[in-house]
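Per-entry structural report
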Amino acid sequence: MINLTDNQLDRYSRHILLQEVGVEGQEMLLGGKILIIGAGGLGAPAAVYLAAAGVGTIGIVDNDHVEISNLQRQITHFTKDINAAKVDSAAEKMRAINPDVKVNTYQQYINAGNIRELIREYDFVIDGVDNFPTKFLINDACVMEGIPFSHGGILRFDGQTMTVVPGKSACYRCSFRQPPPPNAVPTCSQAGVLGAVAGMLGTIQATEALKYLTKTGELLTDSLLTFDAKKMNFRKINLKRQDNCPLCGGKPSVTELIDAPQAACGLKTAQ
Amino acid sequence: MQITVNGEIEQLNDTGVTISRLLEIKQVESPDMVSVQHNGVFIDREHYPTTILAANDELDFLYFMGGGAK
Amino acid sequence: MNITKDVINAIIDHAKREIPYEACGCLAEKDGIVSHYYELTNIDKAADHFSMDPKEQFAAIRDMRGKGLKLAGIYHSHPETPARPSEEDIRLAYDPEVSYVIVSLIEPDCSVKSFKIRNGVVTMEEINIIDHKKEPQIKIDAVKNCQGISCPMNLVYTKVELAKLRSGQVLEVILDDGAPAINVPLSASKEGHKILAKNQLTKESWSVLLEKA
Ligand SMILES: [Zn+2]
């Protein structure tokens, strides 16, 4: 048992007060390790809440640098951070929020060659990337390594998310099979997104990670939560593991990771 | 005939409606960006033209959604 | 005035023994709770007034000093009248700081009331009876003093202490009067812990015994 200092008891008092979290849950958070892939629209709000929550080790992966167009939603990056590496900008804010947190930064692209080794060090992964080949790569690597993760996607005013517990619940491929053809994807720069919608989704993903670490409640498994912020309609679509899933089904055809060809917007993580 | 699409009840006047036809009726803009679940079962894209809907079927359109916009 | 149940019972008993005369005596406190009493002789031996034996009175005061107690009040009984100060009681009240406790034997269940008398003005004060006997021999495994710690941190500290115990062990938490004494046991019980006892210690503080779920 970690002995929380008086300062930590104050800092985490609102967690400790929760019956489902309590002292034990806070200790689990301080001992927990979460990897955020993508320091963008989804990864940034998730990073802020996970750091504030006292997750002991947070890894953040992104190869990009901060651009002014990111600042409308990627809340870890400030105007002064333009041109800084996104991982450094995000890490600086996380450490400023909570010095208890150990932040590991990985300024790199993730690919079939490095992802498995990277995620193996963590308890839970947050998918905050913007392109489908990388989303499938995260799904495949997490299922192969048996590491649970939260999928998240946003577009304009819409969001979707699901949590995958490998071997137990439906994976992303169970329902989506393979990346859409590159020309079918609305080009990243043309679609647009309401900044706060990214925050809604990133905080849902952070909530799932915190639930997982504290063993609280029921994870968003075997269902896809979708919402339309224009009408503020939320819907949970029941999913189940598909026996013909090419990854987690009975006769898998996806047995190793491959780097898929990229869509027009490139292999940029974390928008 | 009554079916449920994305959680909402819809009336189909014709019989023999396929998933391909339903995507047209629902005016899905980019069918390539939709994954279809028919009574909880994933349907391969190649089977859309041959999968015929029956009364009380439940269909969910799952849209591909990525990260934010650059 | 905070007073133990033992003292209340004893002075009622004393009053009954002196019938038909008025009984009288002194009350002594420590840490804001009246926990001792001294039966004195009513040298008037009358049914409608009393005079305390001065020698016994001084002996009582001396005993209090020796035990670290403080004079808290004077009690006497009204065998045939209600529990309120008579004109003579008011006239003879010499100390505005002490409580004048009256045991009436005509009212049902021998009512006991307490008053402060200052310059002939009588103010009734609340009597808070503390029953230490309610929780005989509960083994306390840990004590946490949360006095001066406001909500919700007092609950946070309580939960931290409970987390250190095993199921069935008992934590005593000392809480401030008011919202803390009400809310902390309530919240702990909602989480499944059992409230074994709750006692007011002083005007400002409470003891709560919690058995870990
Ligand atoms: Zn699968």
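Bear in mind that the values here come from a model prediction, so they are computed numbers and not experimental data. (Residues numbered from 1 in each chain as written. Chains lettered and ligands numbered in written order. Predicted model: local features only at pLDDT ≥ 70, side-chain atom pairs only at ≥ 80, totals over all residues. Heavy atoms only, no water.)

1. Some remarks on the coordination of the zinc ion
All names here are of chain A. Condition: Nitrogen, oxygen and sulfur within 2.8 Å of a metal are treated as its donors, or within 3.2 Å for sodium, potassium and calcium (Na, K, Ca); water is not counted, so a site can appear incomplete. Residue exposure (1.4 Å probe, protein chains only): buried if accessible area is under 20% of the type maximum, exposed if over 50%, otherwise partly exposed.
Only Cys-171 (SG), Cys-174 (SG), Cys-245 (SG) and Cys-248 (SG) from the protein coordinate the zinc ion, and they sit 2.2 to 2.4 Å from it. Every donor residue of the zinc ion comes from the same chain, spaced as C-x2-C-x70-C-x2-C. Using a relative accessible area of 1% as the deciding quantity, one classes Cys-245 as buried.

2. Let's talk about the packing of helix α3 (residues 22–30) of chain A against helix α4 (residues 153–164) of chain C
Put simply, the test is: Every axis in this analysis is a line fitted to C-alpha atoms, fitted for helices over the stretch in contact. Angles between the N-to-C directions lie between 0 and 180 degrees. Strands are runs of DSSP state E lasting at least two residues, helices are runs of H or I lasting at least four, and both sets are numbered from the N terminus onward. For classification purposes, an angle smaller than 35 degrees is called roughly parallel, one larger than 145 roughly antiparallel, one from 65 to 115 roughly perpendicular, and anything else oblique. Residue contacts follow a heavy-atom distance rule, with two residues in contact if any of their heavy atoms lie within 4.5 Å. Classification convention: Asp, Glu, Lys, Arg as charged; Ala, Val, Leu, Ile, Met, Phe, Trp, Tyr, Cys, Pro as nonpolar; all other residues, Gly among them, as polar.
One way to put it is that α3(A) packs onto α4(C) with a least axis distance of 8 Å and a crossing angle of 85°. Classified by the angle their axes make, α3(A) and α4(C) are roughly perpendicular. Along its contact with α3(A), which presents A:Gly22, A:Val23 and A:Glu24, the element α4(C) presents C:Lys159, C:Val160 and C:Ala163. Residues belonging to the contact of α3(A) with α4(C) are distributed by class as follows: three nonpolar, one polar and two charged.

3. Thoughts on the packing of aromatic side chains
What counts here: Geometry of aromatic contacts follows a simple scheme: Phe, Tyr and Trp rings, the Trp one being its six-membered ring, pair when their centres are within 6.5 Å, and the pair is stacked under 30 degrees between planes, edge-to-face over 60, tilted otherwise.
Tallying each qualifying case throughout the model produces seven aromatic pairs over all chains. Note on A:Phe124 and A:Tyr212: the rings are 5.4 Å apart at their centroids and 40° apart in plane angle, and the pair reads as tilted. Note that A:Phe124 is positioned in strand β4 (residues 124–127) and A:Tyr212 in helix α10 (residues 195–214), a separation of 88 residues in sequence. Residue class for A:Phe124 comes out buried when judged on its relative accessible area of 0%. Consider the rings of A:Phe136 and B:Phe64, whose centres lie 6.4 Å apart with planes at 40°: the pair is tilted. Taken together, the residues A:Phe136 in helix α7 (residues 132–145) and B:Phe64 in the segment after β5 (58–63) connect one chain to another. Take A:Phe136: its relative accessible area is 2%, and that puts it in the buried class. Ring pairs connect the aromatic residues A:Phe132, A:Phe136, A:Tyr172, A:Phe176 and B:Phe64, which therefore count as one cluster.

4. Concerning helix α5 (residues 179–190) of chain C
Residue and element names in this part refer to chain C. For clarity, the threshold we go by: What a helix should span is 1.5 Å times the count of its residues minus one. Our arc is simply the arc of the directions from the helix axis toward the C-beta atoms.
Taking 1.5 Å per residue, twelve residues should reach 16 Å; α5 reaches 16 Å between its end C-alpha atoms and fits that length. Among the residues of α5, those classed as buried are Pro-180, Ala-181, Val-184, Pro-185 and Ala-188. Along the long axis of α5, the arc covered by the buried residues comes to 105°, so they all point the same way. Away from the buried face of α5 by more than 90 degrees, exposed residues Ile-182 and Lys-190 are located.

5. Some thoughts on the sheet that holds strand β5 (residues 99–104) of chain C
Residues and elements named next belong to chain C. Filter applied, for reference: Two strands form a pair only when DSSP identifies at least two bridges running between them.
With respect to topology, eight strands assemble into an open sheet ordered β7-β6-β5-β4-β2-β3-β1-β8, the strand pairing being mixed. Lying at the two open borders of the sheet, with one neighbouring strand each, are β7 (121–125) and β8 (128–130). Averaged over all adjacent pairs, the angle separating strand axes in this sheet is 35°, with direction ignored. With five bridges joining them, β5 and strand β6 (residues 112–118) adopt antiparallel strand pairing. The residue of β6 that forms the bridge with Ser-99 is Lys-116. Helix α1 (residues 5–18) rests against β1 (2–4), β2 (24–30), β3 (33–40), β4 (70–78), β5, β6 and β8 of the sheet, and its axis sits at about 20° to β3. Relative to β3, helix α2 (residues 54–67) is tilted by about 150°, and along the sheet it contacts β2, β3 and β4.

6. Regarding the interface of chain B and chain A
Rules: By definition, the buried area sums, over both parts, the 1.4 Å-probe accessible area that each loses when the two are put together. Put simply, a salt bridge is a Lys or Arg side-chain nitrogen that is within 4 Å of an Asp or Glu carboxyl oxygen.
Each partner contributes to the interface: chain B provides 20 residues, whereas chain A provides 43 residues. Around 2400 Å² of area is buried between chain B and chain A when both sides are counted, 59% of it from carbon and sulfur atoms. At the boundary of chain B with chain A, the tally comes to one salt bridge. Between A:Arg235 and B:Asp60 there is a salt bridge, with its nearest N and O atoms 2.3 Å apart.

7. A few points about the pairing of β4(C)
Residue and element names in this part refer to chain C. The condition is simple: The definition of a right-handed crossover adopted here requires that, viewed with the strands pointing away, the path from the first strand over the helix to the second runs clockwise.
Burial within β4 is extensive, with seven of its nine residues counted as buried. By the bridge criterion, six bridges tie β4 to β5 in an arrangement that is parallel. Looking at the pairing, His-76 lines up with Ile-102 of β5. Regarding topology, helix α3 (residues 87–92) serves as the crossover connection from β4 to the parallel β5, and that connection is right-handed.

8. Thoughts on the nonpolar core
Residue and element names in this part refer to chain A. Applied cut-off: To define a nonpolar core, start from buried Ala, Val, Leu, Ile, Met, Phe, Trp, Tyr and Cys residues and group those joined through side-chain atoms within 4.5 Å.
Counting residues in hydrophobic clusters, the biggest one holds 40 residues, and the most contacted among them are Leu-35, Ile-37, Ile-115, Ile-119, Val-125, Ile-138 and Cys-171. Broken down by secondary-structure element, the contributors of at least two residues to this core are β1 (33–37), α6 (115–119), α7, β6 (158–164) and α8 (172–176). Sorting elements by how many residues they give to this core places α7 first, with seven residues. Excluding anything up to four places from it in sequence, Ile-37 contacts Val-61, Ile-110, Ile-115, Ile-119, Val-125, Ile-126, Asp-127, Gly-128, Val-129 and Ile-138. In this structure, Ile-36, Val-87, Ala-91 and Val-101 belong to the second largest nonpolar core, which totals 25 residues.

9. Description of the confidence of the model for chain A
What counts, and what does not: For every residue, the predictor assigns a confidence score, pLDDT, that lies between 0 and 100.
Chain-level statistics for chain A give a pLDDT mean of 93 and a share of 93% at 70 or above. Across residues 263–271 of chain A the pLDDT falls below 50, and counting only partners more than four positions away or on other chains, this stretch makes 44 contacts in the model.

10. With respect to the interface of chain C and chain A
Put simply, the rule is: Throughout this description, a polar contact denotes any pair of N or O atoms lying within 3.5 Å of each other; where both atoms belong to protein, one of them has to be capable of donating a hydrogen while the other can accept it, and for residues adjacent in sequence the pair is counted only when both atoms sit in side chains.
In this assembly, eleven residues from chain C lie in contact with 13 residues from chain A. Between chain C and chain A, the buried area comes to about 1000 Å², and carbon and sulfur atoms account for 69% of it. If you look at where chain C meets chain A, you find zero salt bridges. Summed over the shared surface of chain C and chain A, the result is three residue pairs in polar contact (both at pLDDT 80 or more). With eight residues, the single largest contributor to the side of chain C that touches chain A is α4(C).

11. Examining α1(C)
Helix length check: α1(C) (14 residues) gives 20 Å between terminal C-alpha atoms against 20 Å at 1.5 Å per residue, within 8%. Those residues of α1(C) lying buried are C:Val7, C:Ile8, C:Ala10, C:Ile11, C:Ile12, C:His14 and C:Ala15.

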